Amino acid sequence: MEAEIAELRRFVDQVLPTAIPARYAELEGQIQSQTKACEEIAQRRQTLQRELDEFQAEHSRLSEEVVALRDEAILQEVGVYDYRHPMESASEYKEALSSLRREIKECVKVDGAVSTSDSTWTVNESKSQGRKMIRDTSKLLLRAYNNEADTLVDKLRPFRLDAAVARLEKSRTAINRLGAQPMEIAITGRYHRLRIRELELTADWLTKKEAEKEEAKAERALMREEAKARREIEAERKRLVKERAQYAALVKKLKADGNIEEAEEQEAKLAEIDEAFLTVEERAANTKAGHVYVISNIGALGEGVVKIGMTRRLDPLDRVKELGDASVPFGYDIHALVFSSDAVQLERDLHERFGGQRVNLVNLRREFFYVSPDEVRQVLEDHDSAVLTDFVKEPEAVEWHMSKNSRLANGS
């Protein structure tokens, strides 16, 4: 054992002085290599971070310059148009626009559209050439600004007014930045405000013109409906007069023949005709009397939507049939036909009651509402002028149900 121990000691004395430094050198080399790799990674990370910061800065700058022009995006946020400069008619807006455009031209004539610096600017050591360059550059920048403003006015749609104003703001900022150094050319704030007001007045004018067009259209439709009602009343009056003359002649003949019992029966019919004639005369005299109808069309409008309108026709079903013509895939289902001596007011009261549930919140002449028939029935029952005799809660929608079942049967 002592001999083996001595042998091992000799082996250790021979190996350790060379093996340990070699292993240490190897490990030191690995550490240096890994340290260098870490430094390269750190440098690459710093480079990528700088590039990311530059991209983010560029993105922010571009985002500030971008103006939302997509109609769909704007329409998702648009509500009822709010007039910037309220006036009574489209003609007043047109006159105001003409006056404003004269003011815009006058501002250009008196050099109020563009501002320049008072510093001496020379070209080829010539001050006159420097002044000429400033004038030419000013005209060029003003023309670019006016081209942008004119294009926005020509293509303006009222619901895009805010986007158009924002775009003109960006154009002015970009143009002023181009002329800032060293000539200090800029579109003046006064001129810019005039062009913005032009955009606002144009939007107001377009909206008012469209509203007046819709009002005229609705007035023509009302006049046609009134004309039909008058023709129906006149035709009914003539029919009753003719029928009354026939029955009166018959009663006279029966009495002359001594057939008193039959004459009395015909006189009862004559009294019915007189009563009907009186009703027709009352309808002709009272222009507010008529029927308010509550109808729905599941196939065309979907569930939970009703139309509430008014007609003065003697037979209100004729009006409902006209509404369900070829312009819609299915006919309307009638929930109620309510006679009222003041149907105009009854219709107005119902529209006001469900005003917040209108389908179209912009064009108030569209008489469609997100309400159930039962909700309308409850209001009608509480209304003083409504004579509610019958009400259908659930629509039949026969053709729609048959079409739906046919598709299911065909697997479509």
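All of these numbers come straight from a predicted model, not from anything done at the bench.

A.B. asks: Sorry if this is basic, but what is going on with the packing of aromatic side chains here?
C.D. replies: Any two aromatic rings considered together are summarised by their centre-to-centre distance and by the angle between their planes. Evaluation of the coordinates by the stated rule reveals two aromatic pairs. Here tyrosine 83 and tyrosine 93 contribute two aromatic rings whose centre-to-centre distance is 6.1 Å and whose plane-to-plane angle is 20°, an arrangement assigned as stacked. Here tyrosine 93 lies in helix H3 (residues 90–109) and tyrosine 83 lies in the loop between helix H2 (71–75) and H3, a separation of 10 residues in the sequence. Plain terms: the ring middles of tyrosine 145 and tyrosine 191 are 6.0 Å apart, the flat faces sit at 50° to each other, and that makes the pair tilted.

A.B. asks: What should I look at first to understand the sheet that holds strand E6 (residues 368–369) in this one?
C.D. replies: Within a sheet, neighbouring strands are paired by backbone hydrogen bonds and run either parallel or antiparallel to one another. Within the open sheet, the four strands sit side by side as E5-E3-E4-E6. Their pairing is antiparallel. Looking at which strands have only one partner, the edges of the open sheet turn out to be strand E5 (333–340) and E6.

A.B. asks: What exactly am I supposed to notice about the packing of helix H4 (residues 127–154) against helix H5 (residues 161–180) here?
C.D. replies: A pair of packed helices is characterised by two quantities: the angle between their axes and the separation of those axes. In the contact formed by H4 and H5, the axes pass within 10 Å of each other and the chain directions differ by 170°. Classified by the angle their axes make, H4 and H5 are roughly antiparallel. Across from Leu141, Ala144, Tyr145, Glu148, Ala149 and Leu152 in H4, the residues of H5 making contact are Ala164, Arg167, Leu168, Ser171, Arg172, Ile175 and Gly179. In the contact of H4 with H5, the residues fall into eight nonpolar, two polar and three charged.

A.B. asks: Is there a simple way to think about the pattern of salt bridges in this case?
C.D. replies: Two side chains that carry opposite charge are able to pair once their charged atoms sit near each other. Tallied over the full model, the rule gives 21 salt bridges. The salt bridge partner of glutamate 198 is arginine 195, with a shortest N-O separation of 2.8 Å. One end of the pair is glutamate 198 and the other is arginine 195, both in helix H6 (residues 189–256) and three residues apart, which spans about a single turn. Each member of the pair, glutamate 198 together with arginine 195, is buried.

A.B. asks: Looking at this structure, I do not really get a positive patch on the surface. What am I missing?
C.D. replies: Residues Lys94, Lys209, Lys213, Lys217, Arg220, Arg224, Arg365 and Arg366 make up a contiguous surface patch of positive charge. When residues in the positive patch are grouped by element, the largest group, five residues, is from H6. Its place among the elements puts lysine 209 in helix H6. Its relative accessible area of 39% is what places lysine 209 among the partly exposed residues.

A.B. asks: For this particular structure, what's the right way to read the environment of arginine 244?
C.D. replies: You can see arginine 244 is positioned in helix H6. When the C-alpha positions of arginine 244 and glutamate 272 are compared, they lie 9.6 Å apart, and in sequence the two are 28 residues distant. In this view, arginine 244 contacts Leu270, Ile273 and Asp274; residues no more than four positions away in its chain are not counted.

A.B. asks: What should I look at first to understand the nonpolar core in this one?
C.D. replies: Nonpolar side chains tend toward joint burial in soluble globular proteins. In terms of nonpolar packing, the biggest core is built from 32 residues, with Leu168, Ile187, Tyr191 and Leu199 touching the most fellow members. Taken together, the elements giving at least two residues each to this core come down to H3, H4, H5 and H6. Not counting the four nearest positions on each side in its chain, tyrosine 191 is found in contact with Ile104, Cys107, Val108, Gly112, Ala113, Leu142, Tyr145 and Asn146.

A.B. asks: How do you make sense of the pairing of strand E4 (residues 306–311) when you look at a structure like this?
C.D. replies: Regular strands have side chains that alternate between both faces of the sheet. E4 sits mainly inside the fold: six of its six residues count as buried. The side-chain alternation of E4 yields two buried faces, one formed by Val306, Ile308 and Met310 and the other by Lys307, Gly309 and Thr311. Inspection of the sheet shows strand E3 (residues 290–296) paired to E4 by six bridges, in the antiparallel sense. Among the inter-strand pairings, serine 296 is bridged to a residue of E4, identified as valine 306. As paired elements, E4 and E6 share two bridges and run antiparallel to each other. By the bridge assignment for E6, lysine 307 is matched with phenylalanine 368.

A.B. asks: Can you walk me through the pairing of E3 in this structure?
C.D. replies: Counting buried positions over the seven residues of E3 gives seven, a clear majority of the element. As defined by bridge partners, E3 adjoins E5 across seven bridges and the pair is classed as antiparallel. Bridge assignment links serine 296 to a residue of E5, and that residue is aspartate 333.

A.B. asks: Teacher, can you tell me more about the confidence of the model for the chain here?
C.D. replies: A low pLDDT score tells you not to read the predicted coordinates there in detail. Across the chain, the average pLDDT comes to 83, with 90% of residues at 70 or higher. Across the chain, the element-wise mean pLDDT spans from 47 in H2 up to 94 in E6. Within the model, the stretch residues 71–78 combines pLDDT values under 50 with 10 contacts to residues more than four positions away or in other chains.

Rules used throughout
- Residues numbered from 1 in each chain as written.
- Predicted model: local features only at pLDDT ≥ 70, side-chain atom pairs only at ≥ 80, totals over all residues.
- Heavy atoms only, no water.
- Phe/Tyr/Trp six-rings, centres within 6.5 Å; stacked < 30°, edge-to-face > 60°.
- Helix = DSSP H or I, 4+ residues; strand = E, 2+ residues; numbered from the N terminus.
- Pairing = 2+ DSSP bridges.
- Axes fitted to C-alpha atoms, helices over the stretch in contact; angles between N-to-C directions.
- Parallel < 35°, antiparallel > 145°, perpendicular 65-115°, else oblique.
- Contact = heavy atoms within 4.5 Å.
- Nonpolar A, V, L, I, M, F, W, Y, C, P; charged D, E, K, R; others polar.
- Salt bridge = Lys/Arg side-chain N within 4 Å of Asp/Glu carboxyl O.
- Buried < 20%, exposed > 50% of the residue type's maximum accessible area, 1.4 Å probe, protein only.
- Patch = residues over 30% accessible without salt bridge, like charges linked within 9 Å, V, L, I, M, F, W, Y side chains within 5 Å.
- Areas by Shrake-Rupley, 256 points an atom, 1.4 Å probe, with all protein chains shown as cover.
- Lys, Arg positive; Asp, Glu negative; His and termini not counted.
- Charge placed at Lys NZ, Arg CZ, Asp CG, Glu CD.
- Core = buried A, V, L, I, M, F, W, Y, C linked by side-chain atoms within 4.5 Å.
- pLDDT = per-residue confidence, 0-100.

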